[in-house]
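Observations on the three-dimensional arrangement
Read off the chains here:
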Amino acid sequence: MEIISYVQDNSREKRMRIPVIRGRAKSEKSISLTYPVYTPEFHSFSAKKVRKNFTAKNLLKDLGAALTLSADFFKTNIKLISFVLFSAALFIFVSFSIIKVRTFTLDHTGPIELQRNESLDLASLNSHMSSFALEKGMEYDETGNLLDVSGLAAENFTEAVTFQTYKVRSGDTISGIAIKFGLRNISTLISVNDIGNVRQLAAGQKLKIPSVDGIVYTVKSGDSLNSISDKYGIKLDALLDVNDLTKETLTAGQQLFIPGVGLDAGTLRNAMGELFTMPISAKFRWSSPYGYRADPFTGVKTFHTGTDMACPTGTPIQAAMSGRIMKVGNMHRIYGNYVIIDHGNGYQTLYAHMSKVLVAKGQWVSQGTRIGLVGSTGYSTGPHLHFTVYKNGKLVDPMTILKR
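These numbers come from a predicted model, not from an experiment. (Residues numbered from 1 in each chain as written. Predicted model: local features only at pLDDT ≥ 70, side-chain atom pairs only at ≥ 80, totals over all residues. Heavy atoms only, no water.)

**Things to note about the overall build of the chain**
The following threshold applies: The helix count covers DSSP runs of H or I at least four residues long, the strand count covers runs of E at least two residues long, and both are numbered beginning at the N terminus. Burial classes follow relative accessibility: with a 1.4 Å probe on protein chains only, a residue under 20% of its type's maximum area counts as buried, one over 50% as exposed, and anything between as partly exposed. Residue contacts are counted whenever heavy atoms from the two residues lie within 4.5 Å of one another. The protein chains shown are the only cover counted for residues, whose accessible areas, like all others here, come from Shrake-Rupley with a 1.4 Å probe.
Secondary structure summary: the chain contains nine helices and 22 strands in total. Here the chain holds 404 residues, and 35% of them are scored as buried. Within the chain, contacts between residues separated by at least 24 positions form 66% of all contacts whose residues are at least 6 apart in sequence. Total accessible area computed for the chain in this model is approximately 24,800 Å², and 55% of it derives from carbon and sulfur atoms.

**Quick word on the side chain of threonine 188**
Filter applied, for reference: Under this definition, polar contacts are N or O atom pairs within 3.5 Å; protein pairs additionally need one hydrogen-donor-capable and one acceptor-capable atom, and for neighbouring residues in sequence, both atoms have to be side-chain atoms.
Among the secondary structure elements, threonine 188 is positioned in helix 6 (residues 187-192). Accessibility expressed as a relative area gives 0% for threonine 188, which makes it buried. Engagement of the side chain of threonine 188 in a polar contact is seen with the side chain of aspartate 213, the distance being 2.7 Å. Excluding residues within four positions of it along the chain, threonine 188 makes contact with Leu183, Pro210, Val212, Asp213 and Gly214.

**Details of the nonpolar core**
Selection rule: Think of a nonpolar core as a cluster: buried Ala, Val, Leu, Ile, Met, Phe, Trp, Tyr and Cys residues, connected wherever their side-chain atoms sit within 4.5 Å.
Residues Ile174, Ile190, Ile258 and Met272 are the most contacted members of the largest nonpolar core, which totals 32 residues. For isoleucine 190, the residues in contact, after removing those within four places along its chain, are Ile174, Ile195, Val198, Leu263, Leu268, Ala271 and Met272. Of all hydrophobic cores here, the second largest spans 25 residues; its members include Ile325, Met354, Phe387 and Ile401.

**What to know about the pairing of strand 15 (residues 323-331)**
Here is the rule we go by: DSSP calls a pair of strands paired once it identifies at least 2 bridges connecting them.
The sheet contact formed by strand 15 and strand 18 (residues 364-365) spans two bridges and is antiparallel. Within strand 18, the position partnered with glycine 323 by the bridge is valine 365. Where strand 15 meets strand 16 (residues 336-344), seven bridges bridge the pair, whose relative direction is antiparallel. Paired with lysine 327 across the bridge in strand 16 is isoleucine 340. Here strand 15 hands over to strand 16 after four residues, the two strands then running antiparallel side by side.

**Describing the side chain of serine 322**
Relative to the helices and strands, serine 322 resides in the loop between strand 14 (316-318) and strand 15. Take serine 322: its relative accessible area is 13%, and that puts it in the buried class. When neighbours within four sequence positions are excluded, serine 322 is seen to be in contact with Arg199, His343, Trp364, Val365, Ser366 and Gln367.

**Examining the environment of serine 227**
Structurally, serine 227 is set in helix 7 (residues 225-232). Using a relative accessible area of 34% as the deciding quantity, one classes serine 227 as partly exposed. A polar contact of 2.8 Å, which involves the side chain of serine 227, links it to the backbone oxygen of serine 224.

**Topic: the pairing of strand 19 (residues 370-374)**
Most of strand 19 sits out of view: four of its five residues are buried. Judged from the three bridges that link them, strand 14 and strand 19 form a sheet pairing that is antiparallel. By the bridge assignment for strand 19, proline 316 is matched with leucine 373. As defined by bridge partners, strand 17 (residues 347-357) adjoins strand 19 across three bridges and the pair is classed as antiparallel. Bridged to methionine 354 within strand 19 is valine 374.

**Points about the environment of alanine 310**
By the element assignment, alanine 310 lies in strand 13 (residues 307-310). A sequence separation of 25 residues divides alanine 310 from arginine 285, and the C-alpha atoms of the two residues are 5.0 Å apart. Apart from the residues lying within four places of it in its own chain, the contact partners of alanine 310 are Phe284, Arg285, Ser287, Pro383 and His384.

**Some thoughts on a nonpolar patch on the surface**
Our working rule: Patch membership requires over 30% relative accessible area and the absence of a salt bridge. Like charges are linked within 9 Å, and nonpolar side chains (Val, Leu, Ile, Met, Phe, Trp, Tyr) within 5 Å. Only one rule defines a salt bridge in this text: a Lys or Arg side-chain nitrogen within 4 Å of an Asp or Glu carboxyl oxygen.
Nonpolar side chains collect at one region of the surface, where Phe86, Leu90, Phe93, Val94 and Ile98 lie side by side and expose about 520 Å² of accessible area between them. With respect to the helices and strands, the residue valine 94 is situated in helix 3 (residues 78-107).

**Looking at the confidence of the model for the chain**
Condition: For every residue, the predictor states its confidence as a pLDDT score lying anywhere from 0 to 100.
For the chain, per-residue confidence averages 78 on the pLDDT scale, and 73% of positions sit at 70 or higher. This stretch, residues 104-115, has a pLDDT under 50; its non-local contacts, to residues over four places away or in other chains, come to 24 contacts.

**Some remarks on unusual backbone geometry**
The bulk of non-glycine residues show a negative phi, and the bulk of peptide bonds are trans. One non-glycine residue, aspartate 244, lies in the positive phi region at around 55 degrees. Along the chain, aspartate 244 turns up in the loop between helix 8 (236-242) and strand 8 (255-259). On the accessibility criterion, aspartate 244 (58% relative accessible area) is exposed. One non-glycine residue, asparagine 392, lies in positive phi territory at about 50 degrees. Positionally, asparagine 392 belongs in the loop between strand 20 (384-391) and strand 21 (394-396).

**So, helix 7**
Side chains of residues three or four places apart in an α-helix project in the same direction, reflecting 3.6 residues per turn. Applicable threshold: To be clear, the arc concerns the directions from the helix axis to the C-beta atoms.
The complete set of buried residues in helix 7 reads Leu225, Ile228 and Ser229. Axial view of helix 7: buried residues confined to an arc of 100 degrees, hence all on one face. Seen from the buried face of helix 7, the exposed residues on the opposite side, beyond 90 degrees, are Asp230 and Lys231. Two residues or fewer after helix 7 comes glycine 233, characterised by a positive phi angle close to 65 degrees.

Listed below in structure tokens is the structure:
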């Protein structure tokens, strides 16, 4: 029995002494009977665990035995196993709840009141943005006409338009080039040179400069000189003279120069980079609009300088338009972590309440570049992005310039 038990339960070799009876038996007599007596001899043997051949049948048997033992174990210890699983689930739930509560606490500020020095900080920041926003070039209206232009000769639409070439220099602006050549409307250079975004102008680039203001129009099927003249409010004689036309027959695809007019407001704004993309591309909720509103803490009616986009902490914030990072700072009790981008042409944008800033002052960013992460730093009731737009030092309703 010892040998059987050993080879079933042990995998290591063991030496054992087992008695072996050898030799002939000697007869012994007693009162009632005679019986043989054998003298035992002891020998040593090595015992190893019995190994079965590996076969599919043996494997299935072993698996079945293991499953049976496991089932018996679970039946026997079902209460203990249930208690362990319940304790583990409870631990995970409590840990997750603690993390969520801590995150909520960190991301939400309590009711606060602006102190005098904090109000001064806010005024200082607004002034700082105004100084960035002042455009060195001339201002223009919605169709591209430069304002307060003086000293330019009257336009002549009785002669054929002529063109010359100009190589862009470092520091040039579209308005500066227009004035240099006696033009009154920046739409002219944009249309003639098919400029999709004036911010892409680079030193060394060559531009066609017409002798008079106007835009290029591509003739469509069914167009006539009369219909084009009526559409743009241009005299037919001026249209003929400026384009040096000897006949009124037009062909589809032919290009005409329409003198004295500018691009439509939407096309001009897009070319001037005045249509911004959404700074949040993930799902968000408009939580507070631009304009007067009740303060979320005090209930007092105040002017909200931007628009708020509520979304989870850590949501990426993107540059609404390409530009240079002009300021990275922290106003603990107002904007929290914030970034200001100067986009040129008088536009600046402010991104506030960030949990983390991902850019540095002086860095150039393209439209869509990640500049920070949504948070609830500063004067805030929860994680969101506060987005403010300035043009030439004046606040602009962000909803009027955002492409949605």
